[in-house]
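Below, each chain spelled out in residue letters.
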Amino acid sequence: MKKVLIANRGEIARRIIKTCKKLNIETVAIYSEADQELPYVKEADYAYLIGPNPVQQSYLKVDEIIAIAIKENVDAIHPGYGFLSENADFARKAEAAGIKFIGPKPETIEKMGDKIGSRLTMIHANVPVVPGTEEGLTSIVEAKEAALNISYPIMLKASAGGGGIGMIRCDDEATLEKHFESIKTRAKSYFGNDVVFLEKFIDASRHIEVQIFGDSFGNIVHLFERNCSVQRRNQKVLEESPSPNFPQEAREKLYEAAINAAKAVEYVNAGTVEFIVDQNHQFYFLEMNTRLQVEHPVTEAVTGFDLVEWQLKVASGEELPVKDQQLIKSNGHAFEFRVYAEDPKTFFPSPGTITYLNWGEVEEIRIEAGYEEGNKVTPFYDPMIAKIIIHESNRELAIEKAQKVFSSAKIEGVKTNIDLFDRFLHAESFNSGVYSTSILGEWMQNQGEEVSK
C-alpha cells in the first residue's frame, strides 16, 4: 500500500496521516471550504477541496470522492468514523473502482447497520440481546401493543440510527405516542430510513463495548473492553479501560460473546461490539460498529498496539499482526476525554475562533486534536476540538493525572467542557467506579445545574 485517501476531516484525519507517515504511505486529504485552514489539510501529502460547508455538499459526495481517489491512483480509502464510514454503497463503489475500502466487507456493513437485522443475527449466534421487537413498527397502534408486551420503560429507536440520534426513552404510552412519528421523521431525515423498533430500557445500566479485529484468513481477536457510560444526550463524553466494578468472570463472558458476534458475520478489520450491562453484570448486545471508534486510543493505550496500522495491514491482505489471543495483554488503566466546543450546561455547540489554546504542563499525555490556536470551529460538523488520552499504571493515578490536566488546560474564544471535566473528576460517584449511564446527568443535577435533554 503506497497511497491512501482519507474520506474524513479533523482529528481522525490527522490520526490516520500520522500512522501513514510512519509506514511511508502517502496521504490524500479532502476538505470543505470551512476546513481549509485546519491542520490535517496541511499535513497530508495532497489535498482537494471537495465542496461547500454542508456535509451533503462535501464529505458525503461519494462519486466526487471516488473520482479524486481514481485521479490520485490511490490504493485504498480510509473512511475514519462518521460520514461514509458505515456506508455499504460507498464501500462497494470503492471496490468497483479497484480501490480497497479500509473496513469490513460491504455485506457486513449492511447487515450490522440495520439494528433490527443485527439483533436477529445475534440471536442466531446465541449472543444475548435486549428484549424488544424483531420487526419494524409501522403504526403507533402496533407500537403501543408491542410496548405493553415488553413493559415500560422502553427505548424507541431508529433501526438505521447511530451516535445517539433517533432514539428516545418512553416511560409511558403518552410519551411513546408523542414521539413515535417525530422519531420516524428524524430517522428518515438523518439515515434515509424511517423504520423504528422498541427495546426494553435497562435501568441503571452501563455501556461497555469490546474492540474486535479480524483478518481475511479467519483470525478474530478481541482487544479488551471500554466503559463508555459517561454520556450526554446518549453520546459518549468519557471512556475508560478496563471497566471498573466488573467481575473478571463477567468480563470473560463478554469477550466470548463479542468474538461470537464477529464470527457470525465473518468480520474483517476493526470493529466494536457494544453491550448494555445491568446491575447484576448481565449483558445484552446493543449494536456493532463496523469501523474504527472515536475512542480507539483507549485500547491503544492499554495494549500498546497501533490500531490504524493494524487496519492498513489487514486491508493490504496481511494476517493480524498478533493473532494469538493469549499474546494480547492489557496493561494499566486509560481514559479518553472528549473536549467539545459546547456550552457545558446545555451541551449546545459553541462555534467560534479559538483565540487561545493551552493544554497545560502535564507530561506524558496524548492529545488528538483537530484544531489549533487560530482555527475556527464552525457549526457544520461535530464540535469536538480534541481528545485527551491518559494512561497510568492504575485507575487512581490516571484520575489524579487527569485532574491536573483539566485544572491547568485553557481554551478561549469558544465555550468548552474543560471546566466540567475539572469538576466531574472529583465526583465521588465517578471516583468509586460504580456508576451507570445516568451518572453525568445525576451529578449535574446534584450540582444544582439544569440538564439539557
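Shown above is the structure to which this text applies.
Quick summary incoming for the structure in this document.

Analysis parameters
- Residues numbered from 1 in each chain as written.
- Predicted model: local features only at pLDDT ≥ 70, side-chain atom pairs only at ≥ 80, totals over all residues.
- Heavy atoms only, no water.
- Helix = DSSP H or I, 4+ residues; strand = E, 2+ residues; numbered from the N terminus.
- Buried < 20%, exposed > 50% of the residue type's maximum accessible area, 1.4 Å probe, protein only.
- Contact = heavy atoms within 4.5 Å.
- Areas by Shrake-Rupley, 256 points an atom, 1.4 Å probe, with all protein chains shown as cover.
- Lys, Arg positive; Asp, Glu negative; His and termini not counted.
- Charge placed at Lys NZ, Arg CZ, Asp CG, Glu CD.
- Pairing = 2+ DSSP bridges.
- Axes fitted to C-alpha atoms, helices over the stretch in contact; angles between N-to-C directions.
- Salt bridge = Lys/Arg side-chain N within 4 Å of Asp/Glu carboxyl O.

So, the overall build of the protein
Per the secondary structure count, the protein includes 15 helices and 20 strands. The C-alpha extent of the protein, read off along each of the three principal axes, is 55 × 50 × 45 Å. The proportion of buried residues among the 453 residues of the protein is 57%. Intrachain contacts of the protein at a sequence separation of at least 6 include 66% that bridge at least 24 residues. Here the protein displays about 18500 Å² of accessible surface, and carbon together with sulfur accounts for 47% of that area. If you average the places of the 50 positive and of the 68 negative side-chain charges in the protein, the two averages end up 2 Å apart.

Some words on the sheet that holds strand β19 (residues 384-392)
Spatial strand order, β13-β12-β9-β10-β11-β14-β19-β17: 8 strands in an open sheet with antiparallel pairing. One side of each edge strand has no neighbouring strand; the edge strands of this open sheet are β13 (283-289) and β17 (366-369). Put simply, the sheet's adjacent strands are angled 25 degrees from each other on average, direction ignored. Both strand β12 (residues 269-277) and β13 contribute to a ladder of 6 bridges, which runs antiparallel. Bridge pairing links T272 to N289 in β13. Along the sheet face, helix α15 (residues 439-446) touches β10 (220-232) and β11 (235-241) and points at about 25 degrees away from the line of β10.

Structural notes on the pattern of salt bridges
Tallying each qualifying case throughout the model produces 43 salt bridges. D306 is paired through a salt bridge with R15; the nearest N and O atoms lie 2.7 Å apart. With a gap of 291 residues between them, D306 in the loop between α10 (296-303) and α11 (307-315) and R15 in helix α1 (residues 10-22) connect regions that are remote in the sequence. Residue D306 shares its accessibility class with R15, and that shared class is buried. Ionic pairing is found between E209 and K236, a salt bridge with its closest N-O pair at 2.8 Å. Residue E209 is found in strand β9 (residues 206-214), and its partner K236 is found in strand β11; the two are separated by 27 residues along the sequence. Of the two residues, E209 and K236, both sit in the buried class. Counted as one network, the salt bridges with shared partners bring together R15, K22, E300, D306, E309, K313, R366 and E368.

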